[in-house]
Amino acid sequence: FGLLFLLGFLEVCAFPLLSAGAATTVGAGVLRVEGAMFALMTGALVLTLGVVVQLWRPRGSAYSADAALAVMVEGLEAELAARRRQAA
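Source: prediction; values computed, not measured.

Across its full length, the protein holds three helices and zero strands. Mapped in sequence order, the helices and strands of the protein form the string α-α-α. Taken against the 2.2 N^0.38 rule, which gives 12 Å for 88 residues, the C-alpha radius of gyration of the protein at 25 Å runs more than 25% over that of a compact globule. Among the 88 residues that make up the protein, the fraction classed as buried is 12%. At a minimum sequence separation of 6, the contacts of the protein that also span at least 24 residues come to 44%. Here the protein displays about 7000 Å² of accessible surface, and carbon together with sulfur accounts for 73% of that area. Separation of charge centres in the protein, based on 6 positive and 6 negative side chains, amounts to 8 Å.

A cluster of nonpolar side chains, Leu-3, Leu-6, Phe-9 and Leu-10, forms an exposed patch at the surface whose accessible area comes to about 450 Å². Mapped onto the elements, Leu-3 comes out in helix 1 (residues 2-25).

In the predicted model, the protein carries a mean pLDDT of 81, and the fraction of residues at 70 or more is 94%. Per-element confidence in the protein is highest for helix 3 (residues 66-87), whose mean pLDDT is 90, and lowest for helix 1, whose mean pLDDT is 78.

Attention now moves to the pattern of salt bridges. All chains considered together, the criterion is met by one salt bridge. Here Glu-79 makes a salt bridge to Arg-83, at a shortest N to O gap of 3.0 Å. Residue Glu-79 and its partner Arg-83 are located together in helix 3, separated by four residues, close to a single helical turn. On the basis of relative accessible area, Arg-83 is assigned to the exposed category, the value being 53%.

Let us now look at the side chain of Glu-11. Topologically, Glu-11 is positioned in helix 1. Of the side chains with opposite charge, Arg-32 comes closest to the buried, unpaired Glu-11, at an N-O distance of 19 Å. With residues up to four places along the chain from it excluded, the contact list for Glu-11 reads Pro-16, Phe-38, Met-41, Thr-42 and Leu-45.

Cut-offs and rules
- Residues numbered from 1 in each chain as written.
- Predicted model: local features only at pLDDT ≥ 70, side-chain atom pairs only at ≥ 80, totals over all residues.
- Heavy atoms only, no water.
- Helix = DSSP H or I, 4+ residues; strand = E, 2+ residues; numbered from the N terminus.
- Rg over C-alpha atoms; globule rule 2.2 N^0.38 Å.
- Buried < 20%, exposed > 50% of the residue type's maximum accessible area, 1.4 Å probe, protein only.
- Contact = heavy atoms within 4.5 Å.
- Areas by Shrake-Rupley, 256 points an atom, 1.4 Å probe, with all protein chains shown as cover.
- Lys, Arg positive; Asp, Glu negative; His and termini not counted.
- Charge placed at Lys NZ, Arg CZ, Asp CG, Glu CD.
- Patch = residues over 30% accessible without salt bridge, like charges linked within 9 Å, V, L, I, M, F, W, Y side chains within 5 Å.
- Salt bridge = Lys/Arg side-chain N within 4 Å of Asp/Glu carboxyl O.
- pLDDT = per-residue confidence, 0-100.

Here it is in structure tokens:
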């Protein structure tokens, strides 16, 4: 988890410096390619961090089964109550 944040920090710090160096040696046209690569890498990193943060939270996140389990428990309780009424 912390390594993803470190990777993001290093990307934000290093990529502009590398782009400026490449622009002086190769030319200004390389900045478009490097800008697109920076956008793709940053987007992938943000999406990965979003998924990891959602997985990290055990309750109420997008990947938890709380809602499905609540429906299942409600159905089981209703069935148990119906069986108790029939037995009595």
